[in-house]
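Fold and contact review
The primary structure of each chain is shown beneath.
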Amino acid sequence: MPLPFRTAIQQIGGYVPGEQPQATGWIKLNTNENPYPPSPKVVEAIQNAATGRLNVYPDPMARSFRKAAAALFDVDPDCILPANGSDENLTILMRSFCDAGDAIVYPYPSYVLYETLAKIQGCDVRRLHLNDQLNWDAGEATDLCRSAKLTFVPNPNSPTGNCWTPDELEQLLPDDGLLILDEAYGDFANTPHRGELLKQPRFHQRMVVTRTLSKSYSLAGLRFGFSIADEQLTQGMQKVKDSYNCDAIAIAAATAAIEDQDWMLENRGRILATRQRMAAELPKLGFVALPSQANFLWTTHSSGRHKDIYEGLKQQQILVRYMQFSGKSADAEGLEGLRITVGTDAEIDRLLQALETTISRL
Ligand SMILES: *Cc1c(COP(=O)(O)O)cnc(C)c1O
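Scoring rules and cut-offs
Residues numbered from 1 in each chain as written. Predicted model: local features only at pLDDT ≥ 70, side-chain atom pairs only at ≥ 80, totals over all residues. Heavy atoms only, no water. Phe/Tyr/Trp six-rings, centres within 6.5 Å; stacked < 30°, edge-to-face > 60°. Buried < 20%, exposed > 50% of the residue type's maximum accessible area, 1.4 Å probe, protein only. Helix = DSSP H or I, 4+ residues; strand = E, 2+ residues; numbered from the N terminus. Lys NZ or Arg CZ within 6 Å of the ring centre and 35° of its normal. Contact = heavy atoms within 4.5 Å. Pairing = 2+ DSSP bridges. Axes fitted to C-alpha atoms, helices over the stretch in contact; angles between N-to-C directions. UniProt positions renumbered as here; feature names shortened; annotations may be inferred. Arc of directions from axis to C-beta. Polar contact = N/O pair within 3.5 Å; in protein donor to acceptor, adjacent residues only side chain to side chain.

1. Focus: the packing of aromatic side chains
Summed over all chains, the structure comprises 14 aromatic pairs. For the ring pair Tyr106 and Tyr114, a centre distance of 5.9 Å and an interplane angle of 75 degrees mean the geometry is edge-to-face. Owing to a relative accessible area of 0%, Tyr114 belongs among the buried residues under this scheme. Relative to Phe296, the ring of Tyr185 has its centre 4.9 Å away and its plane inclined at 80 degrees; by these criteria the two rings are edge-to-face. With Tyr185 in the loop between strand 6 (178-182) and helix 8 (196-199) and Phe296 in strand 10 (residues 296-301), this pair connects stretches of sequence that are 111 residues apart. Residue Tyr185 is classed as buried on the basis of its relative accessible area, which comes to 6%. With relative accessibility at 0%, the residue Phe296 sits in the buried group. Clustering of aromatic rings is evident, with ring pairs tying together Tyr15, Tyr106, Tyr108, Tyr111, Tyr114, Phe152, Trp298 and Phe325. Here the basic side chain of Arg194 rests over the ring of Phe73, its NZ or CZ set 5.8 Å away from the ring centre.

Here's what the structure looks like:
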């Protein structure tokens, strides 16, 4: 007997997250985590929260965090909506604005979770294919996005690491919907934004920015993200979130993390320096690495044997992300390659060694 799932759920495969081995000894360069630990102030805040009042519910509005994030982004605390990871922000957006049959657009390749979330909601998914210069055709963008409910765009993009300009982003604005600017990697960009775009008249009330503490703040294990938008949009989205979507420990930790900008910026500096070294070394092994404004590099190898290189590294307990994206049409060439997270210098030394071994055996 068939199980009584909704048709939309029966039809999707479900999002497959990157591998998360639970044993020690792995070098993880596959899911863009920060190789450095979170601020000691975060650990202290977690300890204090754990010895505090866990028998009572947390602040449903996470006011301490909202206040801290509002100060950083120079907006009103009512513009900030905390969530259990920024993937939850994306879910809240989808449930707040999209009815079944509404259209969502996203650049392709980028973060395919948008597509999964849209399909769960029964939405129409339109891919805006990127060309070899990693850009979209402006006319096609306007055509696809004009009638969309939501357009999602990571900036910097994943897996390619490039950034789009405000003028390019403007091409993605729906007429009667919203542009969702996913700034998961925003802190690694050459000129990091602090919500300035939201204040421009062309984007005000037409855009929501999402942010995560998983990457730049080294807190992927904690689960904390937030969105920044006009107060009225944020108020509406509050109706959709779980009452207590962020727990007391996460709220305390996230507040401490965002208040310790020095810690985050210091690790950012280390990561950018290592990224530069990787970008210089990888070509010596036959790779092309795209210029990146994020904490990872998109690479292709002259051999074309990306899957084998991924497997070869895995045998040496190093995980990178092998990725494959289909082309615009059945006969068009897609994109295949390896997305490699910037680790510590020691991890990248091991990676480069292991790559040399792997490639010599191809
Ligand atoms: C990592 C990532 C997120 C979500 O991160 P969370 O861990 O759920 O906060 C969102 N968008 C992109 C593009 C990402 O890479």
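On we go.
2. With respect to the side chain of Glu183
As for its placement among the helices and strands, Glu183 is situated in the loop between strand 6 and helix 8. Apart from the residues within four sequence positions on either side, Glu183 is in contact with Asn155, His193, Val209, Thr210 and Arg211.

3. A short note on the sheet that holds strand 8 (residues 225-228)
Ordered by their spatial adjacency, seven strands build an open sheet running 2-8-7-6-5-3-4, and the pairing between neighbours is mixed. Strands at the two margins of the open sheet, each flanked by one partner only, are strand 2 (80-83) and strand 4 (124-129). On average, adjacent strands in this sheet sit at an angle of 20 degrees to one another, irrespective of strand direction. Pairing of strand 6 with strand 7 (residues 207-212), which is carried by four bridges, proceeds in the parallel orientation. Opposite Asp182, over in strand 7, you have Thr210 as the bridge partner.

4. Quick word on the UniProt feature "domain: Aminotransferase class I/classII large" (unreviewed entry) in the protein chain
Residues annotated in UniProt with the feature "domain: Aminotransferase class I/classII large" (unreviewed entry) correspond here to residues 25-355. For residues 25-355, the end-to-end C-alpha separation is 18 Å, with 37% helix and 19% strand making up the annotated structure.

5. Overview of helix 9 (residues 231-238)
For helix 9, every residue scored as buried is listed here: Leu233, Thr234 and Met237. Looking down the long axis of helix 9, one finds its buried residues gathered within 95 degrees of arc, a one-sided arrangement. In this structure, the buried residues of helix 9 make contact with helix 3 (63-73), strand 2, helix 4 (86-97), strand 6, strand 7 and strand 8. A distance of 3.0 Å separates the backbone nitrogen of Gln232 from a side-chain oxygen at the start of helix 9, and that oxygen is part of Asp230.

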